[in-house]
Amino acid sequence: MKFFWRIFIPVFMLSLGVWYVLDSSSRYNFSFKCPNPQDVRIFNKDTISDTQLHYQKYFEQERYRFPRDSVFHIKIRRNVPLISFLTEKDLSVTSQKALLKFLNNPQNFSWRSNEMLYKQADYILYFYNKEHRLIGKLWLCLSCHLLKAVPFTPNIKFGRVKEAKMRELLQMIF
């Protein structure tokens, strides 16, 4: 019995720790490759002082469309430590197309600020290309109507979904 407690409990705790680290790194990893980092530099170097005019200048420009690569599939997971992998589901092709169209339409977002922390998101959407490489992530908070996207796109403004558009977004992903 002592052998059980000396071996099993530490192995179980170590396994739980490794699972937590892997899960957290999946949910909060921002290090995937931006296809065109030069575009972000161009956006950041622009000297327009009015923030809204600055963003509006880049609306609808193809190089700033989210997620800047062809999307093959989108997965959605609940943002819950340790069990997020168990809640994963794929979006249908129809939902994927509608979601990408929604995210790249600035009319769906307001200019109000976004104070959401990544850990406040209820869901995380993972965007993959044909080579099954991660090309984008979207953190979505349902209660506060906020989202954060990587890579950056001016089309979502500051990431606040308009009240009237939130139901439309929810129908696409659920």
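Please refer to the structure higher up on the page.
Conventions and cut-offs
- Residues numbered from 1 in each chain as written.
- Predicted model: local features only at pLDDT ≥ 70, side-chain atom pairs only at ≥ 80, totals over all residues.
- Heavy atoms only, no water.
- Buried < 20%, exposed > 50% of the residue type's maximum accessible area, 1.4 Å probe, protein only.
- Helix = DSSP H or I, 4+ residues; strand = E, 2+ residues; numbered from the N terminus.
- Arc of directions from axis to C-beta.
- Core = buried A, V, L, I, M, F, W, Y, C linked by side-chain atoms within 4.5 Å.
- Patch = residues over 30% accessible without salt bridge, like charges linked within 9 Å, V, L, I, M, F, W, Y side chains within 5 Å.
- Areas by Shrake-Rupley, 256 points an atom, 1.4 Å probe, with all protein chains shown as cover.
- Salt bridge = Lys/Arg side-chain N within 4 Å of Asp/Glu carboxyl O.
- Pairing = 2+ DSSP bridges.
- Disulfide = S-S within 2.5 Å.
- Contact = heavy atoms within 4.5 Å.
- Phe/Tyr/Trp six-rings, centres within 6.5 Å; stacked < 30°, edge-to-face > 60°.
- Lys NZ or Arg CZ within 6 Å of the ring centre and 35° of its normal.

Undergrad: What should I look at first to understand helix H4 (residues 93-103) in this one?
TA: An α-helical segment advances 3.6 residues per turn. Residues three or four places apart therefore align on the same side. Where H4 is concerned, the buried positions are Ser95, Gln96, Leu99, Leu100, Phe102 and Leu103. Each buried residue of H4 sits inside an arc of 160° when the element is viewed along its axis, so together they form one side. Seen from the open side of H4, the exposed residues pointing more than 90 degrees away from its buried face are Val93, Thr94, Lys97 and Lys101.

Undergrad: Can you walk me through the nonpolar core in this structure?
TA: In a soluble, globular protein the nonpolar side chains are often hidden away together inside. By size, the foremost hydrophobic cluster in this structure holds 23 residues, and its most contacted members are Leu99, Leu103, Leu125, Phe127, Leu147 and Ile173. Going through the elements one at a time, strand E1 (73-78), H4, strand E4 (123-128), strand E5 (134-141), strand E6 (146-150) and helix H5 (163-173) are the ones with two or more residues in this core.

Undergrad: Where do I start with a nonpolar patch on the surface in this structure?
TA: There is a patch of nonpolar side chains on the surface, built from Trp5, Phe8, Ile9, Phe12, Met13 and Leu16 and spanning about 580 Å² of accessible area. Take Leu16: it is sitting in helix H1 (residues 2-28). Here Leu16 falls in the partly exposed class, since its relative accessible area comes to 36%.

Undergrad: What should I look at first to understand the pairing of E5 in this one?
TA: Each regular strand carries side chains that alternate between the two faces of the sheet. Counting buried residues in E5 gives seven out of eight residues, a clear majority hidden from the surface. Pairing geometry for E4 and E5, over six bridges, is antiparallel. Bridged to Ile124 within E5 is Trp139. Turn length for the E4-E5 hairpin, with the two strands adjacent in sequence and antiparallel, is five residues, and the turn residue His132 shows positive phi of about 60°. Note: E5 against E6, five bridges, orientation antiparallel. For Leu138, the partnering residue across the bridge sits in E6 and is Ala149. Between E5 and E6, which pair antiparallel one after the other, the connecting turn spans four residues, and His145 there sits at a positive phi close to 60°.

Undergrad: Quick question: what am I supposed to make of the state of the cysteines here?
TA: Here, disulfide denotes a covalent bond that connects the sulfur atoms of two cysteines. In the structure shown here, the tally under the stated rule is one disulfide. Paired by a disulfide, Cys141 and Cys144 hold their sulfur atoms 2.4 Å apart. Relative accessible area serves as the criterion here: at 4%, Cys141 is assigned to the buried category. For Cys144, a relative accessible area of 25% corresponds to the partly exposed category.

Undergrad: I would appreciate a short explanation of the side chain of Thr153 in the present structure.
TA: Following the sequence through the fold, Thr153 ends up in the loop between E6 and strand E7 (160-161). Look at Thr153 and you get buried, because its relative accessible area is 1%. Residues within four places of Thr153 in sequence aside, it is in contact with Tyr64, Phe66, Arg68 and Asn104.

Undergrad: Sorry, what's going on with the pattern of salt bridges here?
TA: Side chains carrying opposite charge are able to pair once their charged atoms draw close together. If you walk through the whole model with that rule in mind, you get eight salt bridges. The shortest N-O distance in the salt bridge between Glu62 and Arg65 comes to 3.9 Å. Connected through shared salt-bridge partners, Lys75, Arg77, Glu88 and Asp90 make up one network.

Undergrad: How should the packing of aromatic side chains be read in this particular structure?
TA: Pairs of aromatic rings are described using the distance from one ring centre to the other and the angle between the two planes. Taken as a whole and judged by the stated rule, the model has 14 aromatic pairs. Both rings, one in Tyr55 and one in Phe158, keep their centres 5.3 Å apart while their planes meet at 65°; by these two values the pair is edge-to-face. Here Tyr55, found in helix H3 (residues 51-58), pairs with Phe158, found in the loop between E6 and E7; they are 103 residues apart in sequence, far enough to count as distant. Among the aromatic residues, ring-to-ring pairing joins Phe43, Tyr55, Tyr58, Phe59, Tyr64, Trp111, Phe152 and Phe158 into one connected group. The lysine or arginine in question, Arg77, covers the ring of Tyr126, its NZ or CZ lying 4.6 Å from the ring centre. The ring centre of Tyr118 lies 5.2 Å from the NZ or CZ of Lys148, which sits over that ring.

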